[in-house]
Amino acid sequence: MTWEYGLIGLVIGIIVGAVVMRFGNKKLREQRSMQYELEKTKAELADYREELTNHFARSAELLDNMAHDYRQLYQHMAKGSNDLLPNLPGEKNPFAYQLTEAEADNDQAPVQMPRDYSDGASGLLRGSDRTPRN
């Protein structure tokens, strides 16, 4: 009888093991496939980011060159306008504003930053120039 129980247990164990391996192996394959897809997607994203960074770096370089060339063209036109039309009044001369050498060498023209305050007191802080309320 022990012999029979051992044989039945072995057969049941083999059947349960085969069923577990069949379903467990499928999930393992799916997990490995998903892991591979994830790593592939991460590599593609890293390549795309590098390509995007290189694109914008090159674009910035080209824009900087273009700005420099436009500054040189403007200076040339302004100098020619002053040399060829010396008697033209400033308001009629389209090139009346000339960049100084410091501005021409700088990457950006000087910009007056906006202030977030006024010159004098305003509102509740005015003080003595208010008329008293009755």
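Refer to the structure presented above.
All values derive from a computational prediction rather than experimental measurement. Per chain, residues are indexed from 1 in the order of the written sequence. Totals for whole chains, interfaces and linings use all residues, but because this is a predicted model, local features are given only for residues with pLDDT of at least 70 and pairs of side-chain atoms are given and counted only at 80 or more. The side-chain figures draw on all heavy atoms in the structure; neither hydrogens nor water molecules are used.

**Observations concerning the overall build of the protein**
- Helix and strand labels come from DSSP, where a helix needs a run of H or I of at least four residues and a strand needs a run of E of at least two; each type is numbered from the N terminus. Within the protein, the secondary structure is distributed over two helices and zero strands.
- Remark: exposure states derive from per-residue accessible area (1.4 Å probe, protein chains only) relative to the maximum for the residue type, with buried under 20%, exposed over 50%, and partly exposed in between. Across the 134 residues in the protein, those meeting the buried criterion constitute 6%.
- Summed over all atoms, the accessible surface of the protein reaches about 12,800 Å², with 59% contributed by carbon and sulfur. For the accessible areas, the method is Shrake-Rupley and the probe is 1.4 Å, while residue cover comes only from the protein chains on display.

**Structural notes on the pattern of salt bridges**
- Whenever a carboxyl oxygen of Asp or Glu lies within 4 Å of a side-chain nitrogen of Lys or Arg, that contact is scored as a salt bridge. Inspection of the entire model under this criterion finds one salt bridge.
- One salt bridge connects Glu 61 with Arg 58, and the closest N-O pair in it is separated by 3.2 Å. Within this pair, Glu 61 and its partner Arg 58 are both found in helix α1 (residues 2-84), separated by three residues, close to a single helical turn.
- In this structure Arg 58 comes out as partly exposed when scored by relative accessible area, which is 45%.

**Considering a nonpolar patch on the surface**
- Residues with no salt bridge and a relative accessible area higher than 30% make up the patches, which join like charges within 9 Å and nonpolar side chains (Val, Leu, Ile, Met, Phe, Trp, Tyr) within 5 Å. On the surface, Leu 7, Leu 10, Val 11, Ile 14, Ile 15, Val 19 and Phe 23 cluster together into a nonpolar patch covering about 700 Å² of accessible area.
- Note that Ile 14 resides in helix α1.
- Ile 14 gets classed as exposed once you look at its relative accessible area, which sits at 56%.

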